[in-house]
Amino acid sequence: MTAAPPAGAVTGSVHTGFQVADLDRSVDFYVGLLGLELRSRHVTDAPYIGELVGYPGVELNVAFVGIPGSEHWLELLEYRNVTREAVDPANANPGTAHICLTVTDLRGLHARLEQAGVEFVSGPVMPTAGINQGRLALYMKDPDGIRVELLQLERVDL
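(A) Spotlight on the overall build of the protein chain. Regarding its fold elements, the protein chain presents three helices and eight strands. Ordered by position from the N terminus, the helices and strands of the protein chain form the series β-α-β-α-β-β-β-α-β-β-β. For the protein chain, the spread of C-alpha atoms along the principal axes amounts to about 55 × 50 × 30 Å. Pairs at least 24 apart in sequence give 53% of the contacts found in the protein chain among residues at least 6 apart. Entry remark: accessible area of the protein chain is about 9,700 Å², with carbon and sulfur atoms responsible for 53%. Across the protein chain, the mean location of the 11 positive side-chain charges is 5 Å away from that of the 20 negative side-chain charges.

What follows is the structure in structure tokens.
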């Protein structure tokens with residue numbers, strides 16, 4: 001029998017949230033281009049939401065997308081009725097983040113995404129050190145400039 005975690009312990013992960021400028025555009029990117037699974041979509045202006053996120057009166061246009069092969073979800077949030085200002089999500093800027101999605105055939109996916117007009121930070125590269133040595137990885141940008149890393153777990157030859 002497994003002992004219960006101590007009070008106040010982190011016990012898992014449910015979702016990662018990305019604030020986006022246009023929810024339809026982001027759903028097209030994550031679901032249409034990358035193949036994530038749309039799980040739910042709704043608009044809410046419930047008072048508790050404004051209190052929770054620190055914007056009383058906010059309306060959120062929300063989509064939850066499932067990541068295939070994972071219990072973790074991506075929550076895409078378009079804030080409405082509040083002042084919004086784009087930030088510079090470049091990799092080195094403190095406070096920015098990225099998500100890493102595992103894929104098959106990274107080179108083929110890269111070619112397909114490139115044809116669709118996706119902006120890349122890098123093409124496929126092979127790490128030469130660390131935990132991902134011998135695999136393929138790349139960085140790209142979602143429609144809001146949020147960095148998305150794609151990682152092919154199976155090792156490859158150059």
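(B) Representation of helix 1 (residues 23-33) in the model. Of the residues making up helix 1, those classed as buried are Leu23, Ser26, Val27, Phe29 and Tyr30. When helix 1 is viewed along its axis, its buried side chains cluster within an angular range of 160 degrees and face the same direction. Among the exposed residues of helix 1, those pointing more than 90 degrees away from its buried face are Asp28 and Gly32. Next to the buried residues of helix 1 lie strand 1 (15-19), strand 2 (37-44), strand 3 (59-66), strand 4 (73-80), strand 7 (136-141) and strand 8 (147-152). Note on helix 1: the residue one or two positions beyond its end, Gly35, has a positive phi of about 85 degrees.

Conventions used here
Residues numbered from 1 in each chain as written. Predicted model: local features only at pLDDT ≥ 70, side-chain atom pairs only at ≥ 80, totals over all residues. Heavy atoms only, no water. Helix = DSSP H or I, 4+ residues; strand = E, 2+ residues; numbered from the N terminus. Contact = heavy atoms within 4.5 Å. Areas by Shrake-Rupley, 256 points an atom, 1.4 Å probe, with all protein chains shown as cover. Lys, Arg positive; Asp, Glu negative; His and termini not counted. Charge placed at Lys NZ, Arg CZ, Asp CG, Glu CD. Buried < 20%, exposed > 50% of the residue type's maximum accessible area, 1.4 Å probe, protein only. Arc of directions from axis to C-beta.

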